[in-house]
Amino acid sequence: MRIDNVAFALTLLLGAFHAHAQQCVSQALGSLGKARAEIVAGNDAQGRRWIEQAALECPTSAVVLGKIAGLYEALGDAETAKSWRERAEAQQRGTPLKLQGTGTAPQGGAPGCEQLLKDGRGWVREKYAIVVGVSEFQNSSYNLRYAAKDASDFARALQDPAIGRFKADPEHVRLLVNGSATVSNIRTAINDVAKDARPEDIVVMYFSSHGTAAANDVADDDAKSGYIVTHETDISNLYGTAFPMEELRRVVEKRIRACRVVLFLDTCFSGDTVKPAAAAGSKMMSIGIADSSKERIAQGVGRVVIASSRNDEQSWESSRQPNSFFTLHLIDALRAKGGLADITTIFTQLQRTVPRAVKAELQQRQTPVMWPEGQRIDIVVGTAVD
C-alpha cells in the first residue's frame, strides 16, 4: 500500500530550524566521540551506553546513524552494525530536504507559529485528527486487507484517555473508512479541520490506502499531480475520481493554521516508477509513488511526516494478527510513557521494532523513515489540552 506524501512549501523560520538540526547532530557526535574513546580504552560496555545515548539524541540524522554503524563494527558486532547502516541509508535516501544557511526565512506559514517557537514548546489549546483507511474499493481488484482496520485502530488509540487523549467525537477525530473515504468526504474533513484549527493546536493526519505518482497523471508536466486512491477511484480516470495531492498541498499550506502537524503514512515507496504488483501480504499497488514531494512536506515549523518504509521497500501486513506491522507498532509506541512520548521517541521505537518484526515473520525488509532529519521533534501527540 502506498500513498504520495502531502506536498506543501511552508518554510517559516528556516534559520532557526537549521540551528536546531545542527545542535542535535553536534550533541550526538559528542556522545559518539566519548563512545569511541571508551571502546579504544577497552571499555566496550560503557562505549555501548554512549552509542545508545547518541541514538536517542539524534535518531534521524543519516550522518549520526552511519557513525553508530561504524562504532558497532569496531565492537565486532557485525549484525547490529548492518542494521544501523541500513537505517542510515534509508534515512539518507528518504530525506531530500537540505537546509542551507541561517539567514532570514521566507515569509508565510501559519500566523502565530513564530511566537510559539520563541516561547519554546508553547501550549496546546486543542487537537484534531483526520484518519483515512480504505480496504474495500468500488473496484474490488484494488482491495486491501487491513487498511480500514488499521485506520479504525489508530483512531481508537487517539481517543483513548490513556494514549492519545483526543476528544472522542467526530469533530476532533474524523474517521473515514471504506465507503465513507470518498473524494468529497476527505475534502470536507480537511476543510473543517482547516477552519477549526488555530496556531496553538495539534493536527494529526493518518492515511492508509493506495496512491499514485505524478507520472501517472495525463496532464502536462507542470500540472501533474499524485493522487490518493479513494473508495470510488478509477485508475483510468484519476482526475475525476481520486484526490489530487496538489489540491491537498494547497489546502494545508493556505488554510491549516496549526503550528504542529504530524502526518503518519502506512505506505510503501518505490520511487517515481511503475512497479509490478507486490507479493501477497504487502500493502503495495502496481502504480508508482513520486519521491520528489517529500522535500515539501518536511519544510516548516512543527511539520513532520513518519512513513512506514523507505523508497525501495514494501509495507507489510502481518499474517499472525489483523494489522499492518507499522500501525501495530505505531500504536504500541504511542502508548509508551503513558501516551506522553514525543515524536522522536515514537520514531526511534518504530525503527527498532518494525524491521525486527517484519524480518522475523516474513524475512523481508521494512524500515520506517522520518522527515525532517537531524532535529529532535518534541511534539507530544498524547499531550492533554489546556
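The model shown is predicted, which means the values in this text are computed figures rather than measured ones.

Student: Outline the overall build of the protein chain, listing residues and values.
Tutor: Assigned secondary structure in the protein chain consists of 12 helices and nine strands. Expressed as a percentage of the 386 residues in the protein chain, the buried residues total 57%. In the protein chain, of all internal contacts separated by at least 6 residues, the share reaching a separation of at least 24 is 76%.

Student: Could you give an account of helix α6 (residues 147–159), with specific residues and numbers?
Tutor: Quick reminder: α-helices carry 3.6 residues per turn. Residues three or four places apart thus point the same way. Look at α6: 19 Å from first C-alpha to last across 13 residues, which is about the 18 Å you get at 1.5 Å a residue. If you follow the buried residues of α6, they end up packed against β1 (127–133), β2 (173–177), β3 (202–208), β7 (260–265) and α11 (325–335).

Student: Lay out the nonpolar core in plain terms, naming residues and giving numbers.
Tutor: In this structure, Val-131, Phe-154, Val-204, Phe-264 and Ile-343 are the most contacted members of the largest nonpolar core, which totals 37 residues. Contributing elements (two or more residues each) for this core: β1, α6, β3, β7, β8 (303–307), α11 and α12 (343–362). Looking at this core element by element, the count peaks at seven residues for α12. Among all residues touching Phe-264, those that are not within four sequence positions of it are Phe-154, Val-204, Met-205, Tyr-206, Phe-207, Ile-306, Leu-330 and Ile-343. By size, the runner-up hydrophobic cluster in this structure holds 32 residues, among which are Val-193, Val-203, Val-229 and Ile-256.

Student: Can you explain the packing of helix α2 (residues 44–57) against helix α3 (residues 62–74)? Please cite residues and give values.
Tutor: For the pair α2 and α3, the least separation of the axes is 10 Å and the interaxial angle reads 165°. Comparing their axes, α3 and α2 come out roughly antiparallel. For α2 against α3, the interelement crossing comes out left-handed. Of the residues in α3, those in contact with Arg-48, Ile-51, Glu-52, Ala-54 and Ala-55 of α2 are Val-64, Ile-68, Leu-71 and Tyr-72. Its residues assigned to classes, the contact of α2 with α3 shows seven nonpolar, no polar and two charged.

Criteria and cut-off values
- By convention here, each chain's residues receive numbers from 1 onward along its written sequence.
- Selection of residues for local features in this predicted model requires a pLDDT of at least 70, selection of side-chain atom pairs for listing and counting requires 80 or more, and totals for whole chains, interfaces and linings are taken over all residues.
- Hydrogen atoms and water are omitted, and side-chain values are computed over all heavy atoms in the structure.
- Strands are runs of DSSP state E lasting at least two residues, helices are runs of H or I lasting at least four, and both sets are numbered from the N terminus onward.
- Here's how the labels work: a residue is buried when its accessible area is under 20% of the maximum for its type, exposed when over 50%, partly exposed in between, all with a 1.4 Å probe on protein chains only.
- Here, residues are in contact when the closest pair of their heavy atoms is within 4.5 Å.
- Here the expected span of a helix is defined as 1.5 Å times the quantity of residues minus one.
- As used here, the term nonpolar core means buried Ala, Val, Leu, Ile, Met, Phe, Trp, Tyr and Cys residues forming a set that is joined through side-chain atoms within 4.5 Å.
- Where helices are involved, their axes are fitted lines through C-alpha atoms of the stretch in contact, as for all axes, and angles between N-to-C directions lie from 0 to 180°.
- In this scheme, roughly parallel covers angles under 35 degrees and roughly antiparallel covers those over 145, while 65 to 115 is roughly perpendicular and the rest are oblique.
- Crossings are sorted by hand: turned counterclockwise from the far helix by less than a right angle, the near helix makes the crossing left-handed, and turned clockwise it makes it right-handed.
- All residues other than Ala, Val, Leu, Ile, Met, Phe, Trp, Tyr, Cys, Pro, Asp, Glu, Lys and Arg, Gly among them, are scored as polar; the first ten of these are nonpolar and the last four charged.

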